[in-house]
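Here is what each chain is made of, one letter per residue.
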Amino acid sequence: QVQLVESGGGLVQAGGSLRLSCAASGRTFSMYTMGWFRQAPGKEREFVAVISDNGGRTYYSDSVKGRFSISRDNAKNTVYLQMNSLQSKDTAVYYCAASLLVTTTTQYFGSWGQGTQVTVSS
């Protein structure tokens, strides 16, 4: 349906910032709700943030609220995750995903990127 490729991950010190990007190759990008999820080794994949198809609504997990910001540029078929005040607990592989529903539930996202590693050092 839609192909997604994440980029922008890396190593950063606690308190620092990173901006993740997700480029979509599908031709109907503007129809999708886009989300960011993350998974640390040995842990379940968890919701981070979602944004509606026109960018009018955003939702965040309590753990990142006030620190992370999701945005999208439909003309560029790209969604972003700006991460500020990073903490060691934010260390994980971050995944971009697409859904036809406005939801924060992993199982309703049918398309996923390959993930990008974010490592926050203490």
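The structure presented is a predicted model; accordingly, all values stated were derived computationally and were not measured.

**Student:** Give a detailed account of the pattern of salt bridges, specifying residues and quantitative values.
**Tutor:** Under the criterion given, the structure shown has four salt bridges. Here Glu46 makes a salt bridge to Arg38, at a shortest N to O gap of 2.7 Å. When its relative accessible area of 35% is taken as the criterion, Glu46 is described as partly exposed. The closest approach of N and O atoms between Asp90 and Arg67, which form a salt bridge, is 2.8 Å. Residue Asp90 is found in the loop between β8 (78-83) and β9 (92-99), and its partner Arg67 is found in the loop between β6 (58-60) and β7 (68-73); the two are separated by 23 residues along the sequence.

**Student:** Residues and numbers for the nonpolar core, please.
**Tutor:** With 29 residues, the main nonpolar core has Met34, Trp36, Val79, Leu81, Met83 and Tyr94 as its most contacted residues. Of all elements in the fold, only β3 (18-24), β4 (33-39), β5 (46-51), β7, β8, β9 and β11 (116-121) reach the threshold of two or more residues within this core. In terms of nonpolar packing, the next biggest core, distinct from the first, is built from five residues, Phe37, Phe47, Val50 and Phe109 among them.

**Student:** So, the side chain of Arg67: which residues are in play, and what are the values?
**Tutor:** Given the relative accessible area of 11%, Arg67 is considered buried. Looking at Arg67, its side chain comes within polar contact range of the main-chain oxygen of Ser85, at 3.0 Å. At 2.8 Å, the side chain of Arg67 and the side chain of Asp90 are in polar contact. With residues near it in sequence (within four places) discarded, Arg67 still touches Gln82, Met83, Asn84, Ser85, Leu86, Gln87, Lys89 and Asp90.

**Student:** Could you give me a rundown of the state of the cysteines, with the residues and numbers involved?
**Tutor:** This structure, assessed with the given rule, holds one disulfide. Covalently, Cys22 is tied to Cys96 through a disulfide, its sulfur atoms 2.1 Å apart. Because the sign of the S-S torsion sets the handedness, a value of about -80° for the bond joining Cys22 and Cys96 places this disulfide among the left-handed ones. With Cys22 in strand β3 and Cys96 in strand β9, this residue pair connects regions lying 74 residues apart in the sequence.

**Student:** Go over the sheet that holds strand β1 (residues 4-7) with me, naming the residues and quoting the values.
**Tutor:** Taken together, the four strands give an open sheet; going across it, the order is β1-β3-β8-β7, and neighbouring strands pair in antiparallel fashion. With one partner strand each, in any of the chains shown, β1 and β7 form the two edges of the open sheet. Ignoring strand direction, the axes of neighbouring strands in this sheet form an average angle of 15°. Judged from the four bridges that link them, β1 and β3 form a sheet pairing that is antiparallel. Considered in β3, the bridge of Ser7 is made with Ser21.

**Student:** Got a sec to walk through the packing of aromatic side chains? Specific residues and values, please.
**Tutor:** Each aromatic ring pair is specified by the distance between its two centres and by the angle formed by the two planes. The final tally for this structure, using the stated rule, is five aromatic pairs. Between Phe37 and Phe47, the ring centres sit 6.1 Å apart and the planes meet at 65°, which makes this aromatic pair edge-to-face. One end of the pair, Phe37, is in strand β4; the other, Phe47, is in strand β5, and 10 residues separate them in sequence. Across the pair, exposure class does not vary: Phe37 and Phe47 are buried alike. Centroid distance Phe37 to Phe109: 4.9 Å. Interplanar angle 75°. Geometry classified as edge-to-face. Of this pair, Phe37 sits in strand β4 while Phe109 sits in the loop between β9 and β10 (111-112), placing them 72 residues apart in sequence.

Calculation rules
- Numbers given to residues run from 1 along each chain, matching the order in which its sequence is written.
- Totals for whole chains, interfaces and linings use all residues, but because this is a predicted model, local features are given only for residues with pLDDT of at least 70 and pairs of side-chain atoms are given and counted only at 80 or more.
- As a convention, hydrogens and water are excluded, and side-chain values are obtained from all of the structure's heavy atoms.
- One side-chain nitrogen of Lys or Arg within 4 Å of one carboxyl oxygen of Asp or Glu is enough to make a salt bridge.
- Relative accessibility decides the category of a residue: with a 1.4 Å probe and only protein chains considered, values under 20% of the type maximum give buried, values over 50% give exposed, and everything between is partly exposed.
- Under the scheme used here, helices are H or I runs from DSSP no shorter than 4 residues and strands are E runs no shorter than 2 residues, and both carry numbers assigned from the N terminus.
- We call a set of buried residues a nonpolar core when its members are Ala, Val, Leu, Ile, Met, Phe, Trp, Tyr or Cys and they connect through side-chain atoms within 4.5 Å of each other.
- We call two N or O atoms a polar contact when they sit within 3.5 Å, provided that within protein one can donate a hydrogen and the other can accept it, with sequence-adjacent residues counted only if both atoms are side-chain atoms.
- Residues count as neighbours in contact if any of their non-hydrogen atoms are within 4.5 Å of one another.
- For this text, the term disulfide refers to a pair of cysteine sulfurs within 2.5 Å.
- Pairing between strands is defined by DSSP: at least two bridges between them are needed.
- Axis definition: a line fitted to C-alpha atoms, over the contacting stretch in the case of helices. Angles run 0 to 180 degrees between N-to-C directions.
- Under the pairing criterion, centres of Phe, Tyr and Trp rings, with the six-membered ring standing for Trp, must be within 6.5 Å; the plane angle then separates stacked pairs below 30 degrees from edge-to-face pairs above 60, leaving the rest tilted.

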